[in-house]
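Summary of structural features
Chain residues, written in single-letter form:
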Amino acid sequence: MREGDALRIRSDVGWCPGYVAQSRRDARDCVSLLETLPASRELGHAYANLANLHKCAEEREEAKAWATRAIELGRKLGAQEVVLRATEAVGVPEVLDGAPDALDRLEGALASAREAGLVDQVGRDYYSFLGPAAAVRNYTITERHLASGLQYCSDHGLELFRLYLLAFGARVALDTGRWDEAVDGAKAVLRVPRCSTTPRILTLVVLALVRARRGDPEVQTLLDEAWALAEPTGELPRIGPVAVARAEAAWLVGRPDEIAEATGAALDLAVRRQSRWRIGELLAWRRRAGVHDEVAVEPRGPFAAQIAGNWQQAAEEWTQIGCPYEAALASADADEEEPLRRALVELQRIEARPAAAIVSRRLRALGVRAVARGPRPSTRSNAAALTARELDVLGLLADGLRNAVIAERLFLSLRTVEHHVSAILGKLGVQSRSEAVAEAGRLGLLQDR
Amino acid sequence: METYLIVRRSGWRTADELQEAARRSTADGERMSEDVRWIRSYVVAETDGSFGLVCIYQASSPEALRRHAYAAALPVDEIAAVADTLVVRPDPQPIAI
C-alpha cells in the first residue's frame, strides 16, 4: 500500500518539471499495484492522479475514464479529496471545449475544497481551471479568481501553484492588451531560479510575444528555450502555445514561410486531442501564411470566423472578448482599404510596430497612396510628461472617482492605480488629488476628453 | 547589461525641447541606474527641421529601456540589440545645437 502511494506521489511530483514519461509509468504501476489489494483511498488517489495526467495532455477520453473510476470509489469510501481531484480532471477538457457549465462545476469544486480546508486541492483547483479559462479567453473567470487565487497561494505557501497563477495572469494581461503588466508578471516568474518548467514555458512565451509585437530584440532566444522545454513533454498544453508564438514571431519579422513548419506538429497533436480552441488558433496562423488545411474537427472561438475568411465577425468577437490586438489582426486579414486603415490606426495606438508596418505595406500594395503615420505615443504631447495611462487615471480623478472605482473602470489592480496617482502627483508637483486636478486643468491636460 | 541602440525619430521641434528631454532622461537614468545606463546619443537633423536621436544604452533588457523611455517621456521608434562594437576613431567633439 505504502509503495503504491509513494509511486503516486513520485508520479505527481515528476510531471510538472517535465518528466512526463516517468510520471506516467509511475502512475500506471501504482494503479496496477493497488488494484491487487482491497479497495482503498490510496487506489482512489491513484485513479485520480492518472486521470489528471491524461487531463494535462488533453487526452479527454482517458481522463474521463479514470476520473469516473476515481469518483465512484471516492464516493463509496467517503473520500472527498479523491472526488474533487477527479472532478478537476473531467472538467478541464470540457472548459477547453467551451462546455458552458464546466466552469461552474469547477468553481463548485473549488468552493468545496476551500470549505473542507483541503489546502493542496484548492491550489490545484485554482491552477487547473484558471489555465484553461485564460486559454479560451474567459476573462469573467480570470477576473473573478486570479487575484484571490494568488492571495490564497501566498497565504498557504503554495509556491508552485502561485507561479502558475502568475504565469496565467501574465498571459491574460498580454491577451487583453496590458503589455507592461504582462512583462512584470512574466519577469516575476522568470526571476525564480528553480522555477518548474511549465510556468517557465508559459512566461517565456509571454515575454517573447510582447517583444515581438513591439518589434524589440531578443525574441528568438526565449522561444528557443520555451520550445526546448515544451517539445520533449509531448503535451499539447505546453507545445501548443509555443508553436503559436513561433508562428506569430515569424510572421511579424516577415518570414511567413516558416509558419507551416513551426505549427505542423502542434496541429497534428491538437487534432488528435480534438482541442478545438488550439486547432482554431493554429489554423488561423497557417491561413495567414497561405496554408489552407482540411481538418475533421470544427474549431472554436473567434478563430473559427477568421479561418472561414469572415474577418469582420472575428474582429467583432475579439473586441467583445476584450482582445484589442487580436481584433486589429483580424481586421488586417481584410482585403479592403477601410478595415485595413482601421487596423493600422489601432495597431499604431497600441504600439504594435511590426504588425502596423505589415498593414501599411498591404495598404500600399492595394494602391493606397497616403498611409498616414499614426499619432505618436502620447507621452510627448503634454508638458508634465504624463503617460497615456496616467492621463486616463487623471481624467477619472477629475471626475471625482475613488481609486477603487478607477481600478475597476480601467481593469487595473488597486495597487497599480495608487502607483499611477502618486506618479501623477509627483510629475505635477502637487500634494493632493484636488490640486492635481486643478493643475491639470491649468496645463490643459483635461481638454482632449 | 547588454548594449542597445534606440532610434527616436523627429521627437523634438527645437533644441530647447531636446535639452529638456536630455535632462529628464538623465534624471530618470540615475533613478534606475541598475537597469539602464545611457552611454551616448547622436542628434539627427530630420528633413522637416525637427530633431531626432539615435542613442546607445546599456540595459538589463529591452523592457527596461521601454520603462525608462516611458518614465522620461521619450519616444521610441526602434530598439535593436548591439551584437558587437567596432571603434575606429573616437567620437567627434560634441557641439551645441
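Up top is the structure these notes are about.
1. A closer look at the packing of helix α7 (residues 119-135) of chain A against helix α9 (residues 159-175) of chain A
Residues and elements named next belong to chain A. Look at α7 against α9: their axes get within 9 Å of each other, and the N-to-C directions meet at 20°. As the angle between them shows, α7 and α9 are arranged roughly parallel. Crossing of α7 against α9: the hand is left-handed. Across the interface between the two elements, D120, G123, R124, Y126, Y127, L130, G131 and A134 of α7 pack against F161, Y164, L165, F168, V172 and D175 of α9. For the contact of α7 with α9, a count of residues per class yields 9 nonpolar, 2 polar and 3 charged.

2. Focus: the pairing of strand β3 (residues 51-59) of chain B
The two faces of a sheet get side chains in turn, since along a regular strand they alternate between them. All names here are of chain B. Here β3 lies mainly inside the structure; 7 of its 9 residues are buried. Looking at chain direction, strand β1 (residues 2-12) and β3 are connected through 8 bridges and run antiparallel. Of the residues in β3, the one forming a bridge with T3 is Q58. Across 9 bridges, strand β2 (residues 36-45) lies against β3 in antiparallel orientation. Pairing of S41 across the sheet is with C55, part of β3. Between the antiparallel neighbours β2 and β3 lie 5 residues, among them G49 with a positive phi of about 90°.

3. Observations regarding empty space enclosed by the protein
All names here are of chain A. Overall, the coordinates contain 2 cavities of 30 Å³ or more when judged by the stated rule. Here the largest cavity defines a volume of roughly 720 Å³. For the largest cavity, the lining is made up of 43 residues, of which A135, L202, P237, P241 and R278 are closest to its centre. With 7 residues, the top contributor of residues to the lining of the largest cavity is helix α13 (residues 236-252).

4. Points about the environment of C55 of chain B
Residues and elements named next belong to chain B. Counting through the fold element by element, C55 comes out in strand β3. Residue C55 is classed as buried on the basis of its relative accessible area of 1%. Taking the C-alpha atoms as reference points, C55 and V44, separated by 11 residues in sequence, lie 10 Å from one another. Ignoring any residue separated from it by four or fewer positions in sequence, one finds C55 in contact with Y4, L5, I6, R8, W38, R40 and S41.

How each quantity is defined
- Residues numbered from 1 in each chain as written.
- Chains lettered and ligands numbered in written order.
- Predicted model: local features only at pLDDT ≥ 70, side-chain atom pairs only at ≥ 80, totals over all residues.
- Heavy atoms only, no water.
- Axes fitted to C-alpha atoms, helices over the stretch in contact; angles between N-to-C directions.
- Helix = DSSP H or I, 4+ residues; strand = E, 2+ residues; numbered from the N terminus.
- Parallel < 35°, antiparallel > 145°, perpendicular 65-115°, else oblique.
- Left-handed = near helix turned anticlockwise from the far one by under 90°.
- Contact = heavy atoms within 4.5 Å.
- Nonpolar A, V, L, I, M, F, W, Y, C, P; charged D, E, K, R; others polar.
- Buried < 20%, exposed > 50% of the residue type's maximum accessible area, 1.4 Å probe, protein only.
- Pairing = 2+ DSSP bridges.
- 1 Å grid on protein atoms, 1.4 Å probe; cavity = no way out; pocket = protein on both sides within 12 Å on 5 of 7 lines; lining within 4 Å.
- Points joined across faces, edges and corners; volume = space filled by probe spheres on them.

This is a description of form; function is not addressed.
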